[in-house]
Amino acid sequence: MIDYLPVVLLVALLAIGAPIYLSLGLSALLGFYIADLPLMASAEIIYNSLTPFTLLAVPFFVITANLMTAGGISDALVKFARVWVGHLWGGLGVATILACTIFSAISGSSVATALAIGSIAIPAMIAAGYSRAYAMGVTAAGGTLGILIPPSIPLILYGFITDQSVVALFSATLIPGALAVASLLACAMLIARMNNYPRRPRAMLPERLAALRQAAPSLLLPVLILGGIYGGVYTPTEAAIVSVVYSMLISQLFYNKMNLLDILRIMGKSMIDTSAIMIILAAAMLLGHYLSIVELGFRVASAVEAMGLTPLQFNLLIMAILLVLGMFMEATSMLLIMVPMLLPAMVALGVNPVHFAVLFVIAMEIGLITPPIGMNLYVVARSGQGALQDAIRGSLPYVCMLILLALAVLLVPATALWLPQWLGR
């Protein structure tokens, strides 16, 4: 029974609101003490956890997201979407979701997507006559696409933990990602139609072409990243480096020119953001090492096998648990804590890890817009200078849409597995 004390400590620390990295780290150190493991070994475990080549993609995609926000790229994307679809019902909401989609295909981060697009789109929607709740809700929901549409930072971390091909994981989310975009668009248009929100006049062809010319360098970046990855030209890590260089070039040549001080500030912020991810990853891997020694994962697997669950029932049960956890845990932390513990049970039951990854990320998406911990809710509340309650109310319809999407992917695994199989990944 003493083997479970680190898990009890982890739950207790999380319950009182202790920082995630501290909760994981203290629990891991308690585990090392219980198992009589040398503390010096923890340094080697942490070092080995953070040095794989795959993880280098994380800081570079974080830098790309921050460069896009500060370099004028997000402005161009929002204007392009607004000019082309602003005449539809909920046109500015539709434009926001489409801008989030394009930004997501570059940045790999939901919070960065919601912040970059929201700071431009929310004030514009409010000024055009949309309710503040609608503006914040549609932006928070659109921002969740950042972790579903590749290149997704959580998928990179999942691939590292489970030893799965990142390219296979990226390709598995393309069809669910397209379904997510379509469902969010339909929801945004329906809500706008029901509330009779104003529509912009249809833009003339010269205005559309001008917006396209301005956004063309930004629109090329997703093609450059994903085309290179799926074409085998470079790895996801190399694609992340390419995205940094390209983002910096187009920011300087086509959009807001940044001086050296601006670039240094962006790099500093990116290193802080990356460090927050990496310190949690290091602590999680340290705790995971202890849990592997006491075979907690295999005990969980044995308990699951004893329940006689099918892979479908297992996925449904875990999805329900994740939806609850997502209300109280930050998305990346939830992945780093839960996946190592669930992996032995997945292997024992024959659960497809690629299919499970897509389900997990959709659950993470839902967690980003559910109170009380949903990070996107706080981001859009700050961008929209509104109450958190308005952001929550505006996001509820999209929570329902994403739950329906999760059920569709759960019941029809081909939505996630067909493309990787077709590509031979």
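Since this is a predicted model, take the numbers as computed values, not measurements.

Draft legend 1. The arrangement of the state of the cysteines in detail. For the structure shown, the criterion picks out zero disulfides. Cysteine Cys187 remains unbridged, with the sulfur of Cys400 as its closest cysteine sulfur at 8.1 Å. The class of Cys187 is buried, set by a relative accessible area of 9%.

Draft legend 2. Region of interest: a nonpolar patch on the surface. On the surface, Leu312, Leu316, Ile403, Leu404, Leu407, Leu411 and Val412 cluster together to form a nonpolar patch covering roughly 610 Å² of accessible area. Among the secondary structure elements, those contributing two or more residues to the nonpolar patch are helix H16 (311-325) and helix H20 (388-411). At four residues, the largest contribution of residues to the nonpolar patch is made by H20.

Draft legend 3. Broad picture of the nonpolar core. Counting residues in hydrophobic clusters, the biggest one holds 135 residues, and the most contacted among them are Tyr134, Phe314 and Tyr398. Listed in part, the six residues of the second largest apolar core include Ile63, Met258, Ile263 and Ile266.

Draft legend 4. Representation of the environment of Leu287 within the structure. In this fold, Leu287 is placed in helix H14 (residues 260-293). Looking at Leu287, the relative accessible area reads 6%, which means it is buried. Along the primary structure Leu287 and Ile337 are separated by 50 residues, whereas in three dimensions their C-alpha atoms are 8.7 Å apart. If near-sequence neighbours (up to four positions away) are discounted, Leu287 is found in contact with Pro6, Leu10, Leu24, Ser27 and Ala28.

Draft legend 5. Quick peek at the packing of helix H2 (residues 20-34) against H14. Contact geometry for H2 and H14: axes closest at 8 Å, N-to-C directions at 25°. Considering their axes alone, H2 and H14 lie roughly parallel with respect to each other. For the element pair H2 and H14, the recorded crossing hand is left-handed. Mapping the contact onto sequence places Ile20, Tyr21, Leu24, Gly25, Ser27, Ala28, Gly31, Phe32 and Ile34 in H2 and Ile279, Ile280, Ala283, Ala284, Leu286, Leu287, His289 and Tyr290 in H14. Looking at the contact of H2 with H14 residue by residue, the classes come out as 13 nonpolar, four polar and no charged.

Draft legend 6. Summary view of the side chain of Glu365. Note on placement: Glu365 falls in helix H18 (residues 353-368). When its relative accessible area of 0% is taken as the criterion, Glu365 is described as buried. At 3.2 Å, the side chain of Glu365 and the side chain of Thr144 are in polar contact. Among residues more than four places away in sequence, those in contact with Glu365 are Thr144, Leu145, Ile147, Leu148 and Leu402.

Draft legend 7. Layout of the packing of aromatic side chains. For the coordinates displayed, the defined rule picks out seven aromatic pairs. Geometrically, the ring pair formed by Tyr130 and Tyr197 is tilted, given 5.1 Å between the ring centres and 35° between the ring planes. Of the two residues, Tyr130 sits in the loop between helix H7 (110-127) and helix H8 (132-143) while Tyr197 sits in the loop between helix H11 (174-195) and helix H12 (205-230), which places them 67 residues apart along the sequence. By the burial criterion, Tyr130 is buried, and Tyr197 matches it.

Draft legend 8. Region of interest: the confidence of the model for the protein chain. Looking at the protein chain, pLDDT values average 86 and 99% of them are 70 or higher. By mean pLDDT, helix H15 (residues 296-306) is the weakest element of the protein chain at 73, and H11 is the strongest at 94.

What counts and what doesn't
- Residues numbered from 1 in each chain as written.
- Predicted model: local features only at pLDDT ≥ 70, side-chain atom pairs only at ≥ 80, totals over all residues.
- Heavy atoms only, no water.
- Disulfide = S-S within 2.5 Å.
- Buried < 20%, exposed > 50% of the residue type's maximum accessible area, 1.4 Å probe, protein only.
- Patch = residues over 30% accessible without salt bridge, like charges linked within 9 Å, V, L, I, M, F, W, Y side chains within 5 Å.
- Areas by Shrake-Rupley, 256 points an atom, 1.4 Å probe, with all protein chains shown as cover.
- Salt bridge = Lys/Arg side-chain N within 4 Å of Asp/Glu carboxyl O.
- Helix = DSSP H or I, 4+ residues; strand = E, 2+ residues; numbered from the N terminus.
- Core = buried A, V, L, I, M, F, W, Y, C linked by side-chain atoms within 4.5 Å.
- Contact = heavy atoms within 4.5 Å.
- Axes fitted to C-alpha atoms, helices over the stretch in contact; angles between N-to-C directions.
- Parallel < 35°, antiparallel > 145°, perpendicular 65-115°, else oblique.
- Left-handed = near helix turned anticlockwise from the far one by under 90°.
- Nonpolar A, V, L, I, M, F, W, Y, C, P; charged D, E, K, R; others polar.
- Polar contact = N/O pair within 3.5 Å; in protein donor to acceptor, adjacent residues only side chain to side chain.
- Phe/Tyr/Trp six-rings, centres within 6.5 Å; stacked < 30°, edge-to-face > 60°.
- pLDDT = per-residue confidence, 0-100.

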